[in-house]
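# Residue-level structural notes
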Amino acid sequence: QQQVRQSPQSLTVWEGETAILNCSYEDSTFNYFPWYQQFPGEGPALLISIRSVSDKKEDGRFTIFFNKREKKLSLHITDSQPGDSATYFCAARSANSGTYQRFGTGTKLQVVP
Amino acid sequence: DAGVTQTPRHEVAEKGQTIILKCEPVSGHNDLFWYRQTKIQGLELLSYFRSKSLMEDGGAFKDRFKAEMLNSSFSTLKIQPTEPKDSAVYLCASSLEQGAAERLFFGHGTKLSVL
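For every chain, the first residue of the written sequence is number 1, and numbering continues from 1 onward in sequence order. Both sets of labels track the order of writing: A upward for chains, 1 upward for ligands. Predicted model: local features are reported for residues with pLDDT of at least 70 only, side-chain atom pairs are reported and counted for 80 or more only, and whole-chain, interface and lining totals are derived from all residues. Processing note: side-chain calculations cover all non-hydrogen atoms of the structure and skip hydrogens and water entirely.

### Describing the sheet that holds strand β8 (residues 74–79) of chain B
Within a beta sheet, neighbouring strands are joined by backbone hydrogen bonds and run either parallel or antiparallel to one another. Residue and element names in this part refer to chain B. Under the convention used in this document: Following DSSP output, two strands are said to pair if at least two bridges run between them. A helix here means a DSSP run of H or I that spans at least four residues, while a strand means a run of E at least two residues long, and both kinds are numbered starting from the N terminus. As a rule, the C-alpha atoms of each element are fitted with a line to give its axis, helices using only the stretch in contact, and angles between N-to-C directions run from 0 to 180 degrees.
The strand order β1-β3-β8-β7 describes an open sheet built from four strands, whose pairing is antiparallel. Bordering the open sheet on either side are β1 (5–7) and β7 (65–71), each of which pairs with just one other strand. Adjacent strand axes in the sheet meet at a mean angle of 20°, parallel and antiparallel pairs treated alike. In this structure, strand β3 (residues 19–24) lies alongside β8, joined through five bridges in antiparallel fashion. If you follow I20 over to β8, its bridge partner there is K78.

Pasting the structure below:
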């Protein structure tokens, strides 16, 4: 059973547009939500993260919006660039599971020039 | 920059063979993970070690998959016997147990093809 779900599976946007990637979860004990970015042939790398006490986290062009009540979050990439083309994974961790993180199935983003 | 090192980068095996994948975590990290990555399932946990002790193993993978931490700086994942459905990318990751460093550091992965 997938505890972390992502949508859409793939997304294409034009350069300069805002890409919105969605994530939802089921386990109410999850309190930390990192997003990872993965390029072909490489392992995922941390992009940005948020804790459940916050409802928004911003880092440059990347912003996470978090809705604890609905158990949903989204990653917004503003002014998308071709270099942002990658697969993005939403992950979740609970306070009592050490550093173990559960991952969604990913969203493959393509930014067209 | 000594990140997570995985070898080999690619592995081709015949059905029924035994293969061993290797991982060296970031120096000083005490948590180590093995994940399997496929397009359909995403990243699935195979094993989670803390200070060389097995904390969790992916229940569905118990029968033919065995991960070990021989010491704090080296881990192996054995698949025996391999099946075509095992074709995937196997990722190793490490992390610090405590502190603000809650990110997982991933290796480049080993792409396994089972014929």
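Having seen the model, we can carry on.
### What about the pairing of β3(B)?
Residue and element names in this part refer to chain B. Note the cut-off: Accessible area is worked out with a 1.4 Å probe on protein chains only. A residue is then buried under 20% of its type maximum, exposed over 50%, and partly exposed in between.
Burial along β3 is one-sided: I19, L21 and C23 are buried, while I20, K22 and E24, pointing the other way, are not. Sheet analysis places β1 next to β3, joined by three bridges and oriented antiparallel. Along β3, the bridge assignment pairs Q6 with C23.

### As for the interface of chain A and chain B
Which entries qualify depends on this criterion: Any two residues whose heavy atoms approach within 4.5 Å at even a single point are treated as in contact. By definition, the buried area sums, over both parts, the 1.4 Å-probe accessible area that each loses when the two are put together. Salt bridge criterion: a side-chain nitrogen from Lys or Arg within 4 Å of a carboxyl oxygen from Asp or Glu. N or O atoms within 3.5 Å of each other form a polar contact, as long as, within protein, one can give a hydrogen and the other can take it, and as long as residues adjacent in sequence are counted only when both atoms are side-chain atoms. When residue character is reported, Ala, Val, Leu, Ile, Met, Phe, Trp, Tyr, Cys and Pro are called nonpolar, Asp, Glu, Lys and Arg charged, and the others, Gly included, polar.
With 20 residues of chain A at the contact, the number on the chain B side is 23 residues. Between chain A and chain B, the buried area comes to about 1,700 Å², and carbon and sulfur atoms account for 50% of it. Of all residues in chain A, the largest losses of buried area upon contact with chain B belong to A:T99, A:Y100 and A:F103, amounting jointly to 34% of the total for that side. Scanning the region where chain A abuts chain B turns up zero salt bridges. Taken together, chain A and chain B are joined by five residue pairs in polar contact (both at pLDDT 80 or more). Broken down by secondary-structure element, the contributors of at least two residues to the side of chain A that touches chain B are β4 (30–38), β5 (45–51) and β9 (86–94) of chain A. Looking at the side of chain A that touches chain B, the element that brings in the most residues is β4(A), giving three residues. A class-by-class count of the residues in the side of chain A that touches chain B yields seven nonpolar, 10 polar and three charged.

### Some remarks on the side chain of A:Q6
Residue and element names in this part refer to chain A. In this structure, Q6 sits in strand β1 (residues 4–7). When its relative accessible area of 11% is taken as the criterion, Q6 is described as buried. Polar contacts involving the side chain of Q6 include one to the main-chain carbonyl oxygen of Y88, which spans 3.0 Å. Engagement of the side chain of Q6 in a polar contact is seen with the backbone nitrogen of C90, the distance being 2.9 Å. Excluding anything up to four places from it in sequence, Q6 contacts N22, C23, W35, Y88, F89, C90, G104, T105, G106 and T107.

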